[in-house]
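# Secondary and tertiary structure notes
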Amino acid sequence: MFFEFGIKDVIDIFLVAMMLYYIYRLMKESSSLNVFIGILVFVVFWLFVSQVLEMRLLGSIMDKLVSVGVIGLIVLFQEDIRKFLYNLGAHQRMRMLMKIFSTGKQEKTEHDKETIVPIVLACMNMSKRKVGALIVIERNSPLDEIVKTGDIIDANINQRLIENIFFKNSPLHDGAMIISHKRIKAAGCILPVSHDMDIPKELGLRHRAAMGMSQDGDCVVIVVSEETGAISTAIKGQFQLRLSAEKLESILTQELI
């Protein structure tokens, strides 16, 4: 039995392939790859039973399971779905904002420089004294859920305040600091830890938390190692290690401005 195969079918297959690939990446980043493979096997089996073999009884039972399973998947992966939808909307919004506010770019750059320099100077001083630090800078995706895990500060970005928070005797020095909208929003926050096996073994828990946070969102994470004093950044699941003051300032300027 022959059937027509046109350009619309090619586009249809391409879009489905892209959707499956994106879901695969999303599940892999959230350590749910086995769940995705299980769902894929179930869907293929369901289509084979209902469409190819045309088994009415088994097909109807699996139809009911699929209809209920969709609701279960929404509940199970609500955080991933919300992040995907927010990133999709934020991407379009940022493009519009860049067009609308392009005339005020220099004023914004000068203002952002005032927030970047104190962070860089604080990181350099903590690096010299080998004081561990973990700083998360919000960009498009909100970090409200992470902020709730720590203590609210809501203060202007200040070099001395950053250093005091991460001072070894401070009760907040073990957690992460969250910077949002050019203010220190919270400290002592708990971050998701990455279980990626590719992370070098010499990197400690702070670096794993930084990697986990950068994989979950589009934030910029700065780490100061307590053992070596080395400064690193984690952005979109990628580390940049052993940074100088100039390099750190360059990265923050590029990523935040």
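Here is what the cut-offs are and how they apply
Residues numbered from 1 in each chain as written. Predicted model: local features only at pLDDT ≥ 70, side-chain atom pairs only at ≥ 80, totals over all residues. Heavy atoms only, no water. Helix = DSSP H or I, 4+ residues; strand = E, 2+ residues; numbered from the N terminus. Buried < 20%, exposed > 50% of the residue type's maximum accessible area, 1.4 Å probe, protein only. Pairing = 2+ DSSP bridges. Axes fitted to C-alpha atoms, helices over the stretch in contact; angles between N-to-C directions. Expected span 1.5 Å × (residues − 1). Arc of directions from axis to C-beta. Salt bridge = Lys/Arg side-chain N within 4 Å of Asp/Glu carboxyl O.

Once that is clear, we can look at unusual backbone geometry. Even without being glycine, Asp154 reaches a positive phi, approximately 50 degrees. Take Asp154: it is sitting in strand E2 (residues 151-156). Among the residues examined, Asp154 registers a relative accessible area of 37% and is labelled partly exposed. The backbone phi angle of Lys236 is positive, close to 55 degrees, even though this residue is not glycine. Tracing the sequence through the fold places Lys236 in the loop between strand E6 (231-235) and strand E7 (238-240). Taking the relative accessible area as the measure of exposure, Lys236 reaches 62% and is therefore exposed.

Right, let's get into the sheet that holds E2. Pairing in this open sheet of seven strands is mixed, and the strands run E2-E4-E3-E1-E5-E6-E7 from one edge to the other. Both edges of this open sheet fall to E2 and E7, since each of them pairs with a single strand only. Taking each pair of neighbouring strands and ignoring which way they run, the sheet shows an average axis angle of 20 degrees. Judged from the five bridges that link them, strand E5 (residues 220-224) and E6 form a sheet pairing that is antiparallel. Considered in E6, the bridge of Val223 is made with Ser232.

Moving on, we come to helix H9 (residues 245-256). The terminal C-alpha atoms of H9, which comprises twelve residues, lie 16 Å apart, in line with the 16 Å expected from a rise of 1.5 Å per residue. For H9, the full list of buried residues reads Leu248, Ile251 and Leu252. On an axial view of H9, the arc spanned by its buried residues comes to 95 degrees, and they lie on one face. Looking at H9, the residues exposed on the side facing more than 90 degrees away from the buried face are Glu246 and Gln254.

Summed over the entire model, instances satisfying the criterion amount to six salt bridges. Across the pair Arg139 and Glu255 runs a salt bridge whose closest N-O atoms are separated by 2.6 Å. Pair noted here: Arg139 is in the loop between strand E1 (133-137) and helix H6 (144-147) and Glu255 is in helix H9, with a separation of 116 residues, a long-range link. By relative accessible area, which is 22% here, Arg139 ends up partly exposed. The class of Glu255 is partly exposed, set by a relative accessible area of 25%.

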